[in-house]
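Now for the letters of each chain:
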Amino acid sequence: MAGRLSLPEEDLTCSICCSIFRDPVVLKCTHSFCGPCLNQYWTGKGRKRDCPLCRTQSVDDPVPSLTLKNLCESCVQKEEEEEESQEVGEAGGEMCPLHGERLKLYCLLDKEPICVVCHTSRKHKQHDCCPISEALLDVKEKMQSALSSLQEKRDSFERMRKNYEDTVEHLQVQAQFVERRTREEFEKIRNFLNVEEESRMEALRREAERKTGEMRQRIEEIETNISSVSESIRVLEEEMALEDISVLHKCCKTLARANNPVEDPVMPSGALIDVAKYVGSLTFQVWEKMHKIAKYTPVTLDPNTAAPWLVLSDDLTGVCDSNEKRSLPDNPERFDPDTAVLGWRGLSSGKHAWEVNVGDNTAWVVGVAKQSVKRKEKVNSVLNNGYLCVYFYHRMYFAGTSPLTRLSLKHNPKRLRVMLDCDKGRLSFYDPHANAHIYTFKHPITEVVFPYLWVGSQACPLTVEPVEVYLKVAEFC
């Protein structure tokens, strides 16, 4: 510190601690020291009290110097003020580094605080300025806006993180569901194959036993015939060996027995196992039989699009409403808040048909929806919103045109058949039981559409019905 002090300040410095005097005292030799420093110096010398500078012995007690004390306090206060002023100037920018004036203005063009002298200088002349207080308010408002924006962004990130965490849990649930359903379906196939295999093995065993029994019976008959013929041969040989007239007496009977007609044995037709019946096109035969138990539904519902209130059947063909909103990931494909669900496969070309069992449900919508429909807003299922649908509400039937078209039906259909021709841009609805046409949309299909179901009642589910599947072998001319 002594190196930084000016000469007057050095005169106010204690030679023991090299700092500004604290409670200064003066010895008879006129040297001054801090009272505490001098007492500490004398403590280790016993009764010997000499001056730390000139070694002059001092008999009398040191005399406090009030004048020197005041000078030291003034010097310390000045240093503190200078340090405080320097810190404020560096941290808050209150003093102009060029002119030493208070920074009272804010240049709006250069975006920096300036003093009054700076405002009249060439650099800032004719620049728009405002008081520092107003600039502080403006900046704090902008900072508050930025802070609010960052807080909202952080909240958004936290919500998305929570959604990601929920998605991770839901992925595990989905994987377990798919694994369970896959194992169940393959178990059905294995059971069918096991039953079919055992059935075929049993049929083979029965046929083998039956035909083997028939052959054993024929063997027994042959052995009986062999014994009879062998006996006739023996008798003939014995009689031929005779030399007397007795041969003549026995010959008629013996010849009659020998000439008794015995049919020659023949192999019966179909005596062998029908091998071709069992192994010929075996895989196809099993497949042909399997298709009778395999259920095919032309539309599979996509659970990733189902609203959180909806409950889908395990085979993804039925949907019903519920009172409980499930905790599901808020993925872009999902409808929320509309209680709707889409088919899994999109359609953009060709002909397609499916039937929906609406049963006694009191509020439903059936049709197709464009891929671009809004899924996070509750909108009407009408044509101008991207839907081609027929719906039932308040005991009335409507076609989702703009405006709505009221439909007059003779019967309340329990099923709706939907027939879509993408190439011709036609979507038709029928009552399959009454074989009655309900409505047809004539609208070009310019983007991918998905089968669409909306259910607004818990009375009964909406179900996509399975269809019969037939195997056909290619014919050659």
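Residues numbered from 1 in each chain as written. Predicted model: local features only at pLDDT ≥ 70, side-chain atom pairs only at ≥ 80, totals over all residues. Heavy atoms only, no water.

**Things to note about the sheet that holds strand 5 (residues 112–114)**
Ordered in space as 5-4-6, the 3 strands form an open sheet in which the pairing is antiparallel. Every interior strand has two partners, whereas the edge strands, strand 5 and strand 6 (129–131), have only one. Along the sheet, successive strands turn relative to each other by an average axial angle of 35°, direction set aside. On top of the sheet, helix 5 (residues 132–240) reaches strand 4 (105–107), strand 5 and strand 6; it is set at about 95° to strand 6, its chief contact. (Pairing = 2+ DSSP bridges. Helix = DSSP H or I, 4+ residues; strand = E, 2+ residues; numbered from the N terminus. Axes fitted to C-alpha atoms, helices over the stretch in contact; angles between N-to-C directions. Contact = heavy atoms within 4.5 Å.)

**Details of the UniProt feature "domain: B30.2/SPRY" (unreviewed entry) in the protein chain**
As recorded in UniProt, the feature "domain: B30.2/SPRY" (unreviewed entry) lies at residues 279–471. Taken end to end, residues 279–471 is 5% helix and 34% strand, and its first and last C-alpha atoms sit 19 Å apart. (UniProt positions renumbered as here; feature names shortened; annotations may be inferred.)

**Remarks on the pattern of salt bridges**
Following the criterion strictly, the structure yields 28 salt bridges and no others. Close ionic contact of Lys 188 with Glu 185 constitutes a salt bridge, the shortest N to O distance being 3.5 Å. Separated by 3 residues within a single helix, Lys 188 and Glu 185 lie in helix 5, roughly one turn from each other. For Glu 185, a relative accessible area of 32% translates into the label partly exposed. Through salt bridges with shared partners, a single ionic network connects Arg 180, Arg 181, Glu 184, Glu 185, Lys 188 and Asp 314. (Salt bridge = Lys/Arg side-chain N within 4 Å of Asp/Glu carboxyl O. Buried < 20%, exposed > 50% of the residue type's maximum accessible area, 1.4 Å probe, protein only.)

**Observations concerning the domain arrangement of the protein chain**
Interface size is commonly expressed as the accessible area that is lost once the parts come together. Along its sequence, the protein chain is organised into domain 1 (9–64), domain 2 (175–291) and domain 3 (310–465). Summarising the inter-unit geometry, the C-alpha centres of domain 1 and domain 3 are found 103 Å apart. (Domains from an automatic or database assignment.)

**Re the state of the cysteines**
Taken as a whole, this structure holds 0 disulfides when the rule is applied. Free of any disulfide, Cys 130 has its nearest neighbouring cysteine sulfur in Cys 129, separated by 7.5 Å. Residue Cys 130 is classed as buried on the basis of its relative accessible area, which comes to 9%. (Disulfide = S-S within 2.5 Å.)

**A short note on the environment of Asp 338**
Relative to the assigned elements, Asp 338 resides in the loop between strand 8 (318–320) and strand 9 (340–342). Taking C-alpha positions, Asp 338 is 7.9 Å from Trp 454, a pair spaced 116 residues apart along the chain. When sequence neighbours within four positions are dropped, the list of residues in contact with Asp 338 reads Ala 307, Glu 377, Lys 378, Val 379 and Trp 454.

**Concerning the packing of helix 5 against helix 8 (residues 282–290)**
Two numbers describe how helix 5 lies on helix 8: the axes approach to 11 Å, and their chain directions differ by 120°. Taken as axis vectors, helix 5 and helix 8 run oblique relative to one another. Of the two elements, helix 5 crosses helix 8, and the hand of that crossing is right-handed. Every residue of helix 8 that contacts helix 5 at Ile 189, Phe 192, Leu 193, Glu 196 and Arg 200 is listed here: Leu 282, Gln 285, Val 286, Lys 289 and Met 290. (Parallel < 35°, antiparallel > 145°, perpendicular 65-115°, else oblique. Left-handed = near helix turned anticlockwise from the far one by under 90°.)

**Section: a nonpolar patch on the surface**
Side chains of Phe 186, Ile 189 and Leu 193 sit close together on the surface and give an oily, nonpolar patch of about 250 Å² of accessible area. Position of Leu 193 among the secondary structure elements: in helix 5. The class for Leu 193 is partly exposed, based on a relative accessible area of 35%. (Patch = residues over 30% accessible without salt bridge, like charges linked within 9 Å, V, L, I, M, F, W, Y side chains within 5 Å. Areas by Shrake-Rupley, 256 points an atom, 1.4 Å probe, with all protein chains shown as cover.)

**Some thoughts on the pairing of strand 11 (residues 364–370)**
Remember that side chains alternate between the two faces of the sheet whenever the strand is regular. Of all 7 residues making up strand 11, 7 are buried, and the element is well covered by its neighbours. Where strand 11 and strand 12 (residues 387–393) come together, 6 bridges link them in antiparallel fashion. Paired with Gly 367 across the strands is Cys 389, a residue of strand 12. Summarising the sheet, strand 11 and strand 18 (residues 449–455) pair through 7 bridges and their orientation is antiparallel. Across the sheet, residue Gly 367 finds its bridge partner in strand 18, namely Tyr 452.

**Brief notes about the layout of surface pockets**
In this approach the atoms are scanned with a rolling probe the size of a water molecule, which exposes any empty space left behind. Counted as a void, the largest pocket has a volume near 1,500 Å³. Phe 177, Thr 300, Asp 314, Asp 315 and Leu 316 are the residues nearest the centre of the largest pocket, which is lined by 48 residues in total. Classifying every residue of the lining of the largest pocket gives 24 nonpolar, 11 polar and 13 charged. Taken domain by domain, the makeup of the lining of the largest pocket includes at least three residues from each of domain 2 (175–291) and domain 3 (310–465). (1 Å grid on protein atoms, 1.4 Å probe; cavity = no way out; pocket = protein on both sides within 12 Å on 5 of 7 lines; lining within 4 Å. Points joined across faces, edges and corners; volume = space filled by probe spheres on them. Nonpolar A, V, L, I, M, F, W, Y, C, P; charged D, E, K, R; others polar.)

**Structural notes on the sheet that holds strand 2 (residues 32–34)**
Sheet architecture is open: 3 strands sit in the order 2-1-3, paired in antiparallel fashion. Of all the strands in the sheet, the pair left with one neighbour each is strand 2 and strand 3 (63–64). Relative to strand 3, strand 1 (residues 24–26) runs antiparallel, the two being bridged by 2 bridges. Its bridge partner lying in strand 3, Val 25 is registered against Pro 64. Sheet strands in contact with helix 2 (residues 35–43) are strand 1 and strand 2, and its direction is about 90° off that of strand 2.

**Description of the UniProt feature "coiled-coil region" (unreviewed entry) in the protein chain**
Mapped onto this structure's residue numbering, the UniProt feature "coiled-coil region" (unreviewed entry) falls at residues 133–239. The straight-line gap between the two end C-alpha atoms of residues 133–239 is 155 Å; of that span, 100% is helix and 0% is strand.

**Some details on the pairing of strand 18**
With 7 of 7 residues buried, strand 18 lies mostly within the body of the structure. Here 3 bridges tie strand 9 to strand 18, and the two strands are oriented antiparallel to one another. Within strand 18, the residue paired with Leu 342 across the bridge is Tyr 452.

**Structural notes on the confidence of the model for the protein chain**
The predicted model of the protein chain has a mean per-residue pLDDT of 87, with 93% of residues at 70 or higher. This stretch, residues 1–7, has a pLDDT under 50; its non-local contacts, to residues over four places away or in other chains, come to 5 contacts. Overall, residues 88–92 carries pLDDT values under 50, and its contacts beyond four positions in sequence, including any with other chains, amount to 4 contacts. (pLDDT = per-residue confidence, 0-100.)

**Structural notes on the nonpolar core**
Val 319, Trp 364, Tyr 452 and Leu 453 are the most contacted members of the largest nonpolar core, which totals 52 residues. In this structure, Trp 364 is in contact with Val 358, Val 390, Tyr 391, Phe 392, Tyr 397, Leu 416, Trp 454 and Leu 462, ignoring residues within four places of it in sequence. Counting residues in hydrophobic clusters, the runner-up holds 16 residues, among them Ile 20, Phe 33, Leu 68 and Cys 72. (Core = buried A, V, L, I, M, F, W, Y, C linked by side-chain atoms within 4.5 Å.)

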